[in-house]
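Examination of the molecular architecture
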Amino acid sequence: MAERFSSDTLDVRPGVSSVATAFARLGLTWDDAVVVSAHGRDLRTAVNACRAHPKVAVLTGPGAGPAELGAALTHRAAGRVLVVASALGSGAERVERVTPAEAAARDWGTAVNVVLCLDEARVLGAVRTVAGAAVGPAQWALDEREFEHRDSMITKFEVRALALARLGPRLGELVWDVGSGSGSVAVECARLGAAVTAVEKTRDGVERIRANAEAHGVDVHTVHGAAPTVLSDLDDPDAVFVGGGGRELPAIVTACARRARRTVVVAMAALDRVPAVRGLSRRPDSRSTGCCCSRPGSRRCRVT
């Protein structure tokens, strides 16, 4: 209307939004929340935002309401609570706190205005200067000393910088870090706003990933198990980083390339593993695949 008639001719009378109202009922500020719409859109973007951030408001729609959101978050968003706000501003107004599993088990009807997904331990953040989702980190490809790791078993910062550039992690997307080790790539992807699942076959590795994620104030969903077997139970990713695999590397890369929506990046410790991955990247059923060698002192290589 402003384009057609000019803004000067319009009389705009603002009302309190459902997002602001819902947060007000809880006594919380909403200027630092991520607001995402699932109305007429793919629910996965909202799900990934909820997994990655402690304070999210989801505008719902048919087929993308509290039940569907709860089902997608159950077992994948530890510590989250859903606040379902219905019929706001009317005599039938309801604001209910439920777990994702409880939300998935109910029929919520058509009066839902907005669903808040909260990590209640972190909703009272510091006073912000810029409203909206948290500003991205000032640095990435952090020094190895920023992470706990075992015997230098960590993706070096130069390789991590290239991997992050190819992965392109961002808000609303899901990244797998397969053979995560210390979780350095997983943590950096989470710092850039993506939801992240880290797959690691050793128990002490899983604990190390969790410790590194906590130290950097991000959420990383950890899966203890060996790839490619455990990958079948995971949600489809937008991008995948493969940091380990040994003799299972070809099978892992094949499984990841079939599932990834955008790209797969593989880090290898030796050049002699490159031909097999390069061959897989040329298969007609694979996604865009890149690789780089990460052994200290070796020549660096990249396949795109």
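Keep in mind the model is a prediction, meaning the values are calculated, not measured.

Quick word on the pattern of salt bridges
Applying the stated rule across the entire model yields 22 salt bridges. Of the charged contacts in the structure, one is a salt bridge between Glu-96 and Arg-94, with a shortest N-O distance of 3.0 Å. With a relative accessible area of 36%, Arg-94 lands in the partly exposed category. Residue Asp-236 is joined to Arg-259 by a salt bridge in which the shortest nitrogen-to-oxygen separation is 2.4 Å. Taken together, the residues Asp-236 in the loop between strand S8 (221-224) and strand S9 (239-242) and Arg-259 in helix H9 (residues 249-259) connect sequence positions 23 residues apart. With a relative accessible area of 35%, Asp-236 lands in the partly exposed category. Because the salt bridges share partners, they merge into one network encompassing Arg-80, Asp-119, Arg-122 and Asp-219.

With respect to helix H6 (residues 157-167)
What H6 keeps buried is the set Val-159, Arg-160, Ala-163, Leu-164 and Leu-167. Projected down its long axis, H6 shows its buried positions confined to an angular sector of 135 degrees, all on one face. Where H6 ends, the next residue or the one after it, Gly-168, has phi of about 60 degrees, a positive value.

Structural notes on the pairing of strand S6 (residues 174-178)
With 5 of its 5 residues buried, S6 lies for the most part within the structure. Along S6, one buried face is formed by Leu-174, Trp-176 and Val-178 and the opposite face, lined by Val-175 and Asp-177, is buried too. Here S6 pairs with strand S7 (residues 195-200) via 5 bridges, running parallel. When the sheet's bridge partners are listed, Val-175 is paired in S7 with Val-196. Handedness of the crossover joining S6 and S7 through helix H7 (residues 184-191): right-handed.

Side note on the sheet that holds strand S2 (residues 55-59)
Read across the open sheet, the 5 strands follow the order S1-S2-S5-S3-S4; overall the sheet is mixed. Bordering the open sheet on either side are strand S1 (34-37) and strand S4 (94-98), each of which pairs with just one other strand. Going across the sheet, the axis of each strand differs from the next one's by a mean of 20 degrees, ignoring polarity. With 5 bridges connecting them, strand S3 (residues 80-86) and S4 associate as antiparallel partners. Following the sheet pairing, Ala-85 is matched in S4 by Val-95. Set on the sheet, helix H3 (residues 43-52) makes contact with S1, S2, S3 and strand S5 (112-119); between it and S2 the angle comes to about 165 degrees.

Remarks on the environment of Arg-41
For Arg-41, the location among the structural elements is in the loop between S1 and H3. Taking the relative accessible area as the measure of exposure, Arg-41 reaches 53% and is therefore exposed. Within the local environment of Arg-41, its side chain forms a polar contact with the side chain of Ser-37, the two groups lying 3.0 Å apart.

Scoring rules and cut-offs
- Residues numbered from 1 in each chain as written.
- Predicted model: local features only at pLDDT ≥ 70, side-chain atom pairs only at ≥ 80, totals over all residues.
- Heavy atoms only, no water.
- Salt bridge = Lys/Arg side-chain N within 4 Å of Asp/Glu carboxyl O.
- Buried < 20%, exposed > 50% of the residue type's maximum accessible area, 1.4 Å probe, protein only.
- Helix = DSSP H or I, 4+ residues; strand = E, 2+ residues; numbered from the N terminus.
- Arc of directions from axis to C-beta.
- Pairing = 2+ DSSP bridges.
- Right-handed = clockwise from strand over helix to strand, strands pointing away.
- Axes fitted to C-alpha atoms, helices over the stretch in contact; angles between N-to-C directions.
- Contact = heavy atoms within 4.5 Å.
- Polar contact = N/O pair within 3.5 Å; in protein donor to acceptor, adjacent residues only side chain to side chain.

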